[in-house]
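So you can see what is in the structure, the chains are spelled out below.
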Amino acid sequence: MYQVIARKYRPQNFDELIGQEHVQKTLANAIISHRIAHGYIFSGQRGTGKTTVARIFARCLNCIQGPTPTPCGVCSSCVEITAGNAVDVIEIDAASNRGINEMREIRENVRYRPSRDRYKVFIVDEAHQITKEAFNALLKTLEEPPEWVVFMLCTTEAAEIPITIASRCQHFNFRSVDFLQVVERMRLIVQQEGISADDEVLSVIARAGEGSVRDSLSALDQAIACCGNTLSVDDVRALLGMFGADSLKAVASAVTSQDGAAMLDIVQELERNGQSLQHFCRELSRYWRNLLVAKISGKPTTLIPASDPEQQALLETAGGFSEEDLTRYLNLTLELYKTMQYSLQPRMHLELGLVKLVQAGRLQSLEEALSGIPSAAKTQQPPRSVVASVTSPAAPPPARFTAPPPIKRAPEPQAEAPATTGDLHHDLSLALRAAKLEFSADALQQAAVELKGSDLIIRAPKGRMLALKDAAVAAAATKLLGRPVRIKLEVDESIVAAAVAAPKPEVSSSDLRDRAMAHPGVKRLQELFPDAQIRTVRNLNE
Ligand SMILES: Nc1ncnc2c1ncn2[C@@H]1O[C@H](COP(=O)(O)OP(=O)(O)O)[C@@H](O)[C@H]1O
Ligand SMILES: [Mg+2]
Ligand SMILES: [Zn+2]
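J.: Sorry if this is basic, but what is going on with the site of ligand 1 here?
T.: Taken together, 16 residues sit near ligand 1, with A6, G47, K50, T51 and T52 positioned nearest. The separation between an oxygen atom of ligand 1 and a polar main-chain atom of A6 is 2.5 Å. With respect to ligand 1, the backbone of Y9 contributes an N or O atom lying 3.4 Å from an oxygen atom. Of all elements in the fold, only α3 (50-62) and α10 (213-227) reach the threshold of two or more residues within the shell around ligand 1. Among the residues making up the shell around ligand 1, the classes are represented as seven nonpolar, five polar and four charged.

J.: So what exactly am I meant to see when it comes to the confidence of the model for the protein chain here?
T.: Should the pLDDT be low somewhere, the predicted coordinates at that spot are not to be read in detail. Taken residue by residue, the protein chain gives an average pLDDT of 83. The fraction at 70 or more is 86%. When pLDDT is averaged over each element of the protein chain, α3 comes out on top at 96 and helix α18 (residues 398-401) at the bottom at 38. Across residues 375-418, confidence stays below pLDDT 50; counting only partners more than four residues off in sequence or on other chains, it has 89 contacts.

J.: Looking at this model, I keep getting lost on the coordination of the zinc ion (ligand 3). Mind explaining?
T.: Ideal values differ by geometry: the angle at a metal is 109.5 degrees with four tetrahedral donors, but 90 or 180 degrees with six octahedral donors. Protein-derived ligands of the zinc ion (ligand 3) are C63 (SG), C72 (SG), C75 (SG) and C78 (SG), with the metal-ligand distances lying across 2.2 to 2.4 Å. Here the donor residues of the zinc ion (ligand 3) are spaced in sequence according to C-x8-C-x2-C-x2-C. C72 sits in the partly exposed class, given a relative accessible area of 25%.

J.: Could you clarify how one ought to interpret the sheet that holds strand β9 (residues 486-491) in this entry?
T.: Strand pairs in the sheet, formed through backbone hydrogen bonds, run parallel or antiparallel to each other. Read across the sheet, three strands follow the order β7-β8-β9 without closing on themselves; strand pairing throughout is mixed. Strand pairing shows two members of the sheet lacking a second neighbour, β7 (448-452) and β9, which therefore form its edges. Neighbour to neighbour, the strand axes of the sheet diverge by 25° on average, direction disregarded. Looking at chain direction, strand β8 (residues 455-460) and β9 are connected through six bridges and run parallel. Its bridge partner lying in β9, L456 is registered against I487. Set on the sheet, helix α20 (residues 424-434) makes contact with β7 and β8; between it and β7 the angle comes to about 105°.

J.: Looking at this model, I keep getting lost on the sheet that holds strand β1 (residues 39-44). Mind explaining?
T.: Pairing within the open sheet is parallel, and its five strands lie in the order β2-β3-β4-β1-β5. Only two strands of the sheet have a single partner each, and these edge strands are β2 (89-93) and β5 (170-174). For this sheet, the mean inter-axis angle between neighbouring strands, taken without regard to orientation, is 15°. When β2 meets strand β3 (residues 120-125), the two strands line up parallel, connected through five bridges. Considered in β3, the bridge of E91 is made with I123.

J.: It is not clear to me how the pattern of salt bridges should be interpreted in this structure. Could you clarify?
T.: Between side chains of opposite charge, a pair can form when the charged atoms approach closely. As enumerated under the stated definition, the model contains 26 salt bridges in all. Residues R116 and D117 are paired through a salt bridge, measuring 2.8 Å at the closest nitrogen-oxygen approach. Look at R116 and you get partly exposed, because its relative accessible area is 41%. By relative accessible area, D117 is classed as buried at 9%.

J.: Please explain helix α13 (residues 260-272) as it appears in this structure.
T.: Residue pairs spaced three or four apart in an α-helix point in one direction, given the helix's 3.6 residues per turn. Relative to the 18 Å expected for 13 residues at 1.5 Å per residue, α13 spans 19 Å between its end C-alpha atoms, a close match to the ideal helical length. One side-chain oxygen at the N-terminal end of α13 lies 3.2 Å from the backbone nitrogen of A261; it belongs to D259. Looking one or two residues past α13, G274 carries a phi angle of roughly 65°, positive in sign.

Calculation notes
The residue numbering used here restarts from 1 in each chain and proceeds along that chain's sequence as written. Whichever chain is written first is A, and whichever ligand is written first is 1; the rest continue in order. Local features are withheld for residues below a pLDDT of 70 in this predicted model, meaning they are given only at 70 or higher, and side-chain atom pairs are given and counted only at 80 or more; totals for whole chains, interfaces and linings count all residues. To obtain the side-chain values, all non-hydrogen atoms of the structure were used and water was disregarded. Proximity criterion: a residue is near a molecule or strand once any of its heavy atoms comes within 4 Å of it. The term polar contact refers here to a pair of N or O atoms within 3.5 Å; inside protein, the definition further demands a hydrogen-donor-capable atom paired with an acceptor-capable atom, and it admits residues adjacent in sequence only when both atoms are side-chain atoms. Every helix listed is a DSSP run of H or I at least four residues long, and every strand listed is a run of E at least two residues long, numbered separately from the N terminus. Residue type decides the class: Asp, Glu, Lys and Arg count as charged, Ala, Val, Leu, Ile, Met, Phe, Trp, Tyr, Cys and Pro as nonpolar, and the leftover types, Gly among them, as polar. pLDDT expresses how confident the predictor is about each individual residue, on a scale running from 0 to 100. Working rule for contacts: check all heavy atoms of both residues, and any pair within 4.5 Å makes them a contact. For Na, K and Ca the donor cut-off is 3.2 Å, while for other metals it is 2.8 Å, and in both cases only N, O and S atoms qualify; water is not among them, so sites may look incomplete. Summary of the burial criterion: residues with accessible area below 20% of their type's maximum are buried, those above 50% are exposed, and those between are partly exposed, where the area comes from a 1.4 Å probe applied to protein chains only. When DSSP locates at least two bridges between a pair of strands, those strands are taken to pair. For helices, the axis comes from a line fit to the C-alpha atoms of the stretch in contact; other axes are also lines fit to C-alpha atoms, and the angle between any two N-to-C directions lies between 0 and 180 degrees. Only one rule defines a salt bridge in this text: a Lys or Arg side-chain nitrogen within 4 Å of an Asp or Glu carboxyl oxygen. Expected helix span is given by 1.5 Å per residue-to-residue step, counting one fewer step than there are residues.

Listed below in structure tokens is the structure:
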């Protein structure tokens, strides 16, 4: 009978395990120094080795040559544990046996010595599913455990294990496994299976698992079922809904060369090949993310699941963009992905989204053009509430132009020592601009601030967090307030709505318009874009 690869290649001892070095080492030490606890919690992402480690550990404890970190693998205890029919190693799937009765049974069972082996081991899988009452029953056992009992609770949701239980257990958190280690492991497996697969294919499959070894091995199974003994990278990509670096890089190139037509061609090509547009969009977000990470770290990093040559290619591409650009593209693509998941017109949305990326790229030069706008005179009452909505036949993307960061709010007088006005939000936004943190200042527009002791609480929508989570922001706030403050970010999606719902200004609109027209920033804008018209004037304070 065919056995799936994930099960066939379940590691039987610590040597075969990949990743989780901290777990291996600590457990091995515990065995050598005879310090076996009565309760263990193995938590972490699925498919990272929790159940596997529990079984290996059980073998270590009960091997006839044990307790030993290197079980023999041939004694009846070892063999039975592998086969899952050892009398003294009891596996319970809490997903189906979660009630009080099962726990009572365990409690009964615990009282009797192991029938043959050294320890009576209870491996509880999906332990977070156990009911509250059942946990209580278990607690009684953990409070006064017989010397021969060891519980191993495996779970993806460590937070759902009651603290009363957790505090009586040793807790190990399993990490998602490094991409390169997964590739390595799969290389070994395909060799033993007589499958030919090059590094590129293995990379694609490893990436599909997103850090879960089991998911990667399942993808490998699928690939073998689909392609037979020789895995071709194109077939596997198509099977797993992944896309080659080429098609993703084509998007980046089209952004660089401001080529909307190329974007439309990309979509056309995807459709023609019957590829999933949603998948493409998901892969594209990952691509921007990887470029951003590459840009930030400046060298190959394990944060990117990619082989060395792939990392080099990413670094090279990232070199052509600024961090802000990449952040913006990632953001736009994530939003696009969200839209596309519910879209009845995925093609149109993808086209629109990709063309928007081109426009967002163009925005950059516009920002540069506007950077020469002078600040308001220092003595002048800051007309900080002014934004102009401008259209111009000469300046192409008007939609984006209504609110690009540099003119979203007219520049402020940049006093050397920021004069405080008592309006914390206003002062902070001034301070951020004075510190050249335009990006954060823009994000602050959509945030509420509150000072509590030395904590400066900033509530903002999730999308703004990145721009506000910056040591420089804390530094600017500290300087502003003249004492050390800590930034505390709280996600609050209602802020936008709140801003919109604010009461109407009392200033008459013609008044507002006059003030706006008199502002040097607006004047300069009109010089820069003589054909532009001012359509509306909005008070950003409201
Ligand atoms: N750290 C690992 N090293 C090697 N193989 C692993 C690892 N984690 C998972 N696997 C593979 O995935 C399969 C499932 O792992 P398992 O331990 O059941 O994961 P879980 O963390 O969900 O309990 C194993 O049979 C094994 O083939
Ligand atoms: Mg498991
Ligand atoms: Zn043994």
